[in-house]
Each structure stands twice: as C-alpha cells, then as structure tokens.
Amino acid sequence: MDTTASPRVLVIGLDPYRVPGPWDPEPVVKAIEAGLTKFAEHGVGVEICLIGMDGSDDVEAVVASALRAHPWECVTVGGGLRHSDDQVELLERVVNLVRRHAPDAAIAFNSTPATTYEAAARWIE
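This is a predicted model, so every value here is computed, not measured.

1. What to know about the side chain of Thr116
- With respect to the helices and strands, Thr116 occurs in helix 4 (residues 116-124).
- Classification of Thr116 by relative accessible area gives buried; the value is 4%.

2. Re the pattern of salt bridges
- Evaluation of the coordinates by the stated rule reveals four salt bridges.
- Two residues, Arg8 and Glu47, come together in a salt bridge whose shortest N-O distance is 3.0 Å. One end of the pair, Arg8, is in strand 1 (residues 8-14); the other, Glu47, is in strand 2 (residues 45-51), and 39 residues separate them in sequence.
- Judged by relative accessible area, which is 16%, Arg8 ranks as buried.
- Classification of Glu47 as partly exposed rests on a relative accessible area of 32%.
- A salt bridge links Arg18 to Asp15, with the shortest nitrogen-to-oxygen separation between them at 3.0 Å.
- Looking at Asp15, the relative accessible area reads 13%, which means it is buried.
- Residues joined by salt bridges that share partners form a network here, namely Asp15, Arg18 and Asp57.

3. Side note on the state of the cysteines
- Across all of its chains, the model carries zero disulfides by this definition.
- Cys74 supplies the cysteine sulfur nearest to Cys49, a cysteine that is in no disulfide, at a spacing of 14 Å.

4. Some details on the nonpolar core
- Grouped together as the largest cluster of nonpolar side chains are 21 residues, with contacts concentrated most on Leu10, Ile12, Ile51, Val63, Leu67, Val75 and Leu81.
- Within the residue set of this core, elements represented by two or more residues are strand 1, strand 2, helix 2 (59-68), strand 3 (74-77) and helix 3 (88-101).
- Formed by twelve residues, the second largest nonpolar core is a distinct cluster that contains Val11, Ala106, Ala119 and Ile124.

The rules behind these values
Here the residue numbering is sequential within each chain, running from 1 through the sequence in written order. The predicted nature of this model means local features are confined to residues of pLDDT at least 70 and side-chain atom pairs, given and counted, to a pLDDT of 80 or more, with totals for whole chains, interfaces and linings taken over all residues. To get the side-chain values, all heavy atoms of the structure are used, and hydrogens and water are removed first. Helix and strand definitions follow DSSP, with helices as H or I runs of at least four residues and strands as E runs of at least two, each counted in order from the N terminus. Think of it in three bands: residues with accessible area under 20% of the maximum for their type are buried, residues over 50% are exposed, and the middle band is partly exposed, with areas taken using a 1.4 Å probe on protein chains only. Take a side-chain nitrogen of Lys or Arg and a carboxyl oxygen of Asp or Glu: if they are within 4 Å of each other, that pair is a salt bridge. The rule for a disulfide is simple: a pair of cysteine sulfur atoms within 2.5 Å. To qualify as a nonpolar core, a set must consist of buried Ala, Val, Leu, Ile, Met, Phe, Trp, Tyr and Cys residues joined through side-chain atoms within 4.5 Å.

Spelled out as structure tokens, the structure:
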C-alpha cells in the first residue's frame, strides 16, 4: 500500500494484552485487526499507538512520540479510553496531547475497535 498520497491516521488505544484483570484480550485483538484491515482496503495509511494500563508505559512520552511522528489528518481515540469512568484522567491527557502535538488533526472516536476506519473516514473523506 502506498501511504504517501493517502490520508494519515493515528489510532490511540489501550493495549488489550496490558489491561489488568481477569479477561480474554483475544476478541479485542481480533476486532482491532479487523478495524485496521479496513484502512488497507480503502488505501488509507494508518498507524497504531497502544498504551498499557499495567504501569509499564510513560503514557505521555509514548503518545507524544507517536503524535510527532507524522502530520496526522485524523487521530482516532479508542473506546477503551472513553468507556470507563476510571480512565477519564487518561482520556483528558490523550486529548490534550493531541491538541498540543497534532493541532491540525481531526479527532475521531470509534464505537468499537472494528469501527475505527468508519470513525476516521468521517473526517478524512
């Protein structure tokens, strides 16, 4: 896929393998993969920035680095960051990092990992 002429999208979300708790991350991993496949099908360049909730990431450094990597047209923030009241401060940090490091990028929100392309497409097509 030639991404030089296609819109550039960054997807920021939680790494399903590094979310604490007794749960099976595989369904989320498969949904993320399905969502990312749609970008390729539409010829849209995408990169993903997954952050851990296990304390192993300097979230601000990881997200800021990803945001500075390219001139993004759209940054999509995953539902794992939005659907839990426990993550509201993390969501605020991510949104403010997007404003600071990618001020020209649209911000989109998916409803599930499988709808990530549709969320970004609202802003890039």
